[in-house]
Structures are given as C-alpha cells and as structure tokens.
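# What the coordinates show
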Amino acid sequence: MKFILGGRGSGVTTDLVLEAAKFGGVIICPSLAQAEYAKGMAKRMGVDNVEAVSIQDVIKNNVLSHYPNAKIFVSDLKCVLWPLLKEYGATGDIETVSASLYMSNRADSCHAE
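Residues numbered from 1 in each chain as written. Predicted model: local features only at pLDDT ≥ 70, side-chain atom pairs only at ≥ 80, totals over all residues. Heavy atoms only, no water.

## Quick look at the overall build of the chain
From N to C terminus, the chain includes 4 helices and 3 strands. Walking the chain from its N terminus toward its C terminus, one meets helices and strands in the order α-β-α-β-α-β-α. Evaluated residue by residue, the chain yields a buried proportion of 24% over its 113 residues. Taking the intrachain contacts of the chain between residues at least 6 apart in sequence as the baseline, contacts between residues at least 24 apart amount to 63%. With the model as given, the accessible surface of the chain reaches about 8,100 Å², and the carbon-plus-sulfur share is 53%. (Helix = DSSP H or I, 4+ residues; strand = E, 2+ residues; numbered from the N terminus. Buried < 20%, exposed > 50% of the residue type's maximum accessible area, 1.4 Å probe, protein only. Contact = heavy atoms within 4.5 Å. Areas by Shrake-Rupley, 256 points an atom, 1.4 Å probe, with all protein chains shown as cover.)

Set out below in structure tokens:
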C-alpha cells in the first residue's frame, strides 16, 4: 500500500491518476463530482485505462462488481471511509487512522482470522 500525501493543489490527484494508470485501476472518490474530476483529469492526461467512482455508488449501486480483481485507489481516505462507516451505523467522527508500514498489498492481509 502506498500513501500520497499533499495539500490541496499540490498534485495529489494527478499522482493518484498516474498510479492507477499503471494498473488500469479504479479510483474511489468521496463524491460524484470528485469522481468526474478525476475522470476528466485522466482524459486530459491521455490516460484511458482508469475509472473513477464515488463511494456512494460503491455503497448503493455495488459498482465495484463491474471491475472484478481491479486494483483499488482511494482519493481522500477519511472522506471515503466516513460514508462507508456511517452506512453501517457510525455516528462519531474519524479521529485517527493507522497503517502498517509493512502492510502487504494483498487484500487478504487485512482480514481477521
């Protein structure tokens, strides 16, 4: 897992699109407007193998089922995670997120045993 950090206007979305382009990945964005922005940016960059979807479409319309085994890229982790947690009953706020520096890229490395 790779983290791209930066403030607004620092090129984070550009870097995310370029990373997703390496794998033909799907970018999950906090909103439909941000997904459309990412798609437009990919198009302007000449990248045609990247899809961008909103977290709302992931939750309500199961859009990730259209991209089996796709590499997933998350734009703005907190803003994508919050609607997902809220869908399952969370009412507080996300205060801290941790990540292992040695985390495997394999999806099954996150599953509880």
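## Describing the pattern of salt bridges
Applying the stated criterion across every chain, the model contains 6 salt bridges. Between K2 and E19 there is a salt bridge; the shortest N-O distance is 3.0 Å. Of this pair, K2 sits in the segment before helix 1 (12-23) while E19 sits in helix 1, placing them 17 residues apart in sequence. The exposed category is assigned to K2, whose relative accessible area is 55%. Two residues, K39 and E51, come together in a salt bridge whose shortest N-O distance is 3.5 Å. You can see K39 sitting in helix 2 (residues 32-44) and its partner E51 sitting in strand 2 (residues 51-54), a full 12 residues away along the chain. Note on K39: relative accessible area 31%, which makes it partly exposed. E51 gets classed as partly exposed once you look at its relative accessible area, which sits at 24%. Salt bridges sharing partners connect three or more residues here, namely K2, E19 and K22. (Salt bridge = Lys/Arg side-chain N within 4 Å of Asp/Glu carboxyl O.)

## Looking at the nonpolar core
Core analysis: the biggest nonpolar cluster contains 13 residues, and V17, I27, C29 and A52 have the highest contact counts within it. Only helix 1, strand 1 (26-29) and helix 2 provide two or more residues apiece to this core. With 4 residues, the top contributor of residues to this core is helix 2. If near-sequence neighbours (up to four positions away) are discounted, V17 is found in contact with I27, A38, M41, A42, M45, V47 and V50. One finds V53, I55, V63 and V80 within the second-largest nonpolar core, a separate group that totals 7 residues. (Core = buried A, V, L, I, M, F, W, Y, C linked by side-chain atoms within 4.5 Å.)

## Quick notes on the packing of aromatic side chains
Counted by the stated rule, this structure contains 1 aromatic pair. The ring of Y37 is capped by R44, whose NZ or CZ atom sits 5.9 Å from the centre of that ring. K71 extends its terminal NZ or CZ atom over the ring of F23, reaching a point 5.6 Å from the ring centre. (Phe/Tyr/Trp six-rings, centres within 6.5 Å; stacked < 30°, edge-to-face > 60°. Lys NZ or Arg CZ within 6 Å of the ring centre and 35° of its normal.)

## Some remarks on the side chain of E19
Owing to a relative accessible area of 14%, E19 belongs among the buried residues under this scheme. Only 3.0 Å separates the side chain of E19 from the side chain of K2, close enough to count as a polar contact. Not counting residues up to four positions away in its chain, the partners in contact with E19 are K2, I4 and F73. (Polar contact = N/O pair within 3.5 Å; in protein donor to acceptor, adjacent residues only side chain to side chain.)

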